[in-house]
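What the coordinates show
Take a look at the letters that make up each chain.
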Amino acid sequence: MCTAVSWNSRHHYFGRNLDLEYDIAEQICITPRHYPLRFCHQSTILNHYAMIGTAIVADDYPLYFDAVNEDGLCAAGLNFPGNAVYHSFDENRENVASFELIPWILSQCKTVSQAKMLLENTQITDDFFRKDVKPTPLHWIISDAQESIVLESMTDGLHIQQNPYGVLTNNPPFDFHYYNLINYRHLTAQQSENTFSRSLSLQSYSNGMGAIGLPGDLSSASRFVRASFMKANSLGGSVEQDIAQFFHILDSVAMPKGSVITPDSRYEITRYSSCCDTVSGRYYYKTYENSRICYLDLHDADLESTQLQYLPMLHSADFYQQR
């Protein structure tokens, strides 16, 4: 389970919680402009936009969980089991494997508008990365400073939907979350008025009572509502304050160890939380064991290189910037 957020304040920020019950050896990965991006059914792209994000690097290929390119276009894949359906190769469509989708879009597009045009005739295929690595059931959020969309490949094809909330979690499909939020339209960050009865004097006894009814559990539906509420009522400041605020939004839907037990008796935790400042190109993150915010700067790397550049996440560290 995971939560992704796109937020505009002083800059545009994009990030996510990655919630899993096992170690994935994730790395911060920079794909420079001339790294050869290979695809199952598309021509290799030799010159493209650079990008930074968190990935598993396997066979010298970046399997991104989330990333942002040098022009500020962002994407993240979130677990979507039971609903995600990938399809066989179709000679009449642009065929892209699920594990290729993030680099395919971010390598070619500057904006969500361009991404939508690229995706109009796209089919997400069921290709394996390797024989021992089957496709992960995902749906995706793609964002820039102006808008967000959600991609869901299901039985009847690829759905591309506007996402005015700039939030995505997991099941059910996005249509449910879109309309479920209406059930919470009465919530407010301010003190609520007494509408129970004009004849009864019912006084508030605490701040925060305007949000009574905000769900507090860790289900994907509840996390969607809570993250949307926290984001909608968040106030920014300086860039440094914005970064801290963004992590507070993600903290509101994070999973402490022991709070979620999987059917096979493992503990799901928020392995990492990320926040990219899409204007500066700095990718900030913290991990479950290391709550200190670290970052890498896309523009500190050699973006004209042909080689991937990656470092493991710091799960315990005594310094702020990783280079």
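Provided above is the structure to which this section pertains.
My aim in this report is to walk through the structure given alongside it, one point at a time. (Residues numbered from 1 in each chain as written. Predicted model: local features only at pLDDT ≥ 70, side-chain atom pairs only at ≥ 80, totals over all residues. Heavy atoms only, no water.)

**Quick look at unusual backbone geometry**
The criterion, for reference: By the criteria applied, helices consist of DSSP H or I runs no shorter than four residues and strands consist of E runs no shorter than two, each listed in order from the N terminus. Only protein chains enter the calculation, and the probe is 1.4 Å; a residue is then buried if its accessible area is under 20% of its type maximum, exposed if over 50%, and partly exposed in between.
Following Asn171, the chain continues to Pro172 via a peptide bond in cis, the omega torsion being 0°. Structurally, the position occupied by Pro172 is in the loop between β12 (167-168) and α3 (174-180). Its identity as a non-glycine residue notwithstanding, Asp59 has a phi of 55°, on the positive side. Mapped onto the fold, Asp59 is located in the loop between β4 (51-58) and β5 (61-69). In the Ramachandran plot, Asp60 falls in the positive-phi region, its phi being about 60° despite a non-glycine side chain. One can find Asp60 in the loop between β4 and β5. Residue Asp60 is classed as partly exposed on the basis of its relative accessible area of 35%.

**Overview of the sheet that holds strand β1 (residues 2-8)**
Put simply, the rule reads: Any two strands with at least two DSSP-identified bridges between them are counted as paired. Any two residues whose heavy atoms approach within 4.5 Å at even a single point are treated as in contact. With axes taken as lines fitted to C-alpha atoms, and helix axes fitted only over the stretch in contact, angles between N-to-C directions fall between 0 and 180 degrees.
An order of β12-β1-β2-β13-β14-β15 is seen for the six strands of this open sheet, with the pairing classed as antiparallel. Strands with a single pairing partner mark the edges of an open sheet, and in this sheet they are β12 and β15 (294-297). Where helix α4 (residues 220-232) meets the sheet, it contacts β1, β2 (12-20) and β12, and its direction lies at approximately 20° from that of β1. Of the strands in this sheet, β1, β2, β13 (269-277) and β14 (282-287) are in contact with helix α5 (residues 239-251), which crosses β13 at around 150°.

**Focus: the pairing of β14**
When you tally the buried positions in β14, you get five out of six residues, the bulk of the element. Relative to β14, β13 runs antiparallel, the two being bridged by six bridges. When the bridges of β14 are listed, Tyr272 appears paired with Thr287. Remark: four residues form the turn of the hairpin made by β13 and β14, two consecutive strands paired antiparallel; Gly281 in that turn has positive phi of roughly 80°. Direction of pairing for β14 relative to β15: antiparallel, over a ladder of four bridges. Within β15, the residue paired with Tyr284 across the bridge is Tyr295. In sequence, β14 turns back onto β15 through a hairpin of six residues.

**What to know about the sheet that holds strand β3 (residues 27-31)**
The antiparallel open sheet is built from eight strands, whose spatial order is β11-β10-β9-β6-β5-β4-β3-β16. The outermost strands of the open sheet, each flanked by one partner alone, are β11 (157-162) and β16 (309-312). Across this sheet, the average inter-strand angle for adjacent strands is 30°, counted without regard to direction. Looking at chain direction, β3 and β16 are connected through four bridges and run antiparallel.

**A short note on the side chain of His177**
Basically, it comes down to this: Pairing of N or O atoms within 3.5 Å defines a polar contact, subject to two protein rules: one partner must be a possible hydrogen donor and the other a possible acceptor, and residues neighboring in sequence count only if both atoms are side-chain atoms.
Along the chain, the position of His177 falls in helix α3. Among the polar contacts made by the side chain of His177, one reaches the main-chain carbonyl oxygen of Asn170 at a distance of 2.9 Å. The contact partners of His177, leaving out residues within four places of it in the chain, are Tyr165, Thr169, Asn170, Asn171, Pro172, Ser220, Ala221 and Phe224.

**With respect to the pattern of salt bridges**
Definition in use: Salt bridge, as applied in this entry: a Lys or Arg side-chain nitrogen positioned within 4 Å of an Asp or Glu carboxyl oxygen.
On inspection of all chains with the given rule, the structure shows eleven salt bridges. Between Asp132 and Arg130 there is a salt bridge, with its nearest N and O atoms 3.0 Å apart. By relative accessible area, which is 58% here, Asp132 ends up exposed. A relative accessible area of 32% means that Arg130 is categorised as partly exposed. Arg266 is paired through a salt bridge with Asp264; the nearest N and O atoms lie 3.2 Å apart. On the accessibility criterion, Arg266 (35% relative accessible area) is partly exposed. Look at Asp264 and you get partly exposed, because its relative accessible area is 44%.

**A word on the nonpolar core**
So the rule is basically this: Among buried residues, those of type Ala, Val, Leu, Ile, Met, Phe, Trp, Tyr and Cys that are joined through side-chain atoms within 4.5 Å constitute a nonpolar core.
Of all hydrophobic cores here, the largest spans 53 residues; its most connected members are Ile52 and Tyr285. Among the elements that take part in this core, α5 stands out by supplying six residues, more than any other. By size, the runner-up hydrophobic cluster in this structure holds 39 residues, among which are Ala55, Phe99, Phe129 and Trp140.

**A word on the packing of aromatic side chains**
Just so we agree on the cut-off: Between the rings of Phe, Tyr and Trp (Trp by its six-membered ring), a pair exists once the centres lie within 6.5 Å; its type follows the angle of the planes, with under 30 degrees stacked, over 60 edge-to-face, and the other angles tilted.
Counted under the stated rule, the structure contains eleven aromatic pairs. Between Phe174 and Tyr178, the aromatic rings sit 6.0 Å apart at their centres with planes inclined by 75°, giving edge-to-face as the arrangement. Taken together, the positions of Phe174 and Tyr178, both in helix α3 and four residues apart, correspond to about one turn of that helix. Overall, Phe174 belongs to the buried group, its relative accessible area being 0%. Consider the rings of Tyr178 and Tyr179, whose centres lie 5.2 Å apart with planes at 65°: the pair is edge-to-face. An aromatic cluster of at least three residues, connected via ring pairs, comprises Tyr165, Phe174, Tyr178, Tyr179 and Phe224.

So far we have only geometry, and geometry alone does not tell us how the molecule works.
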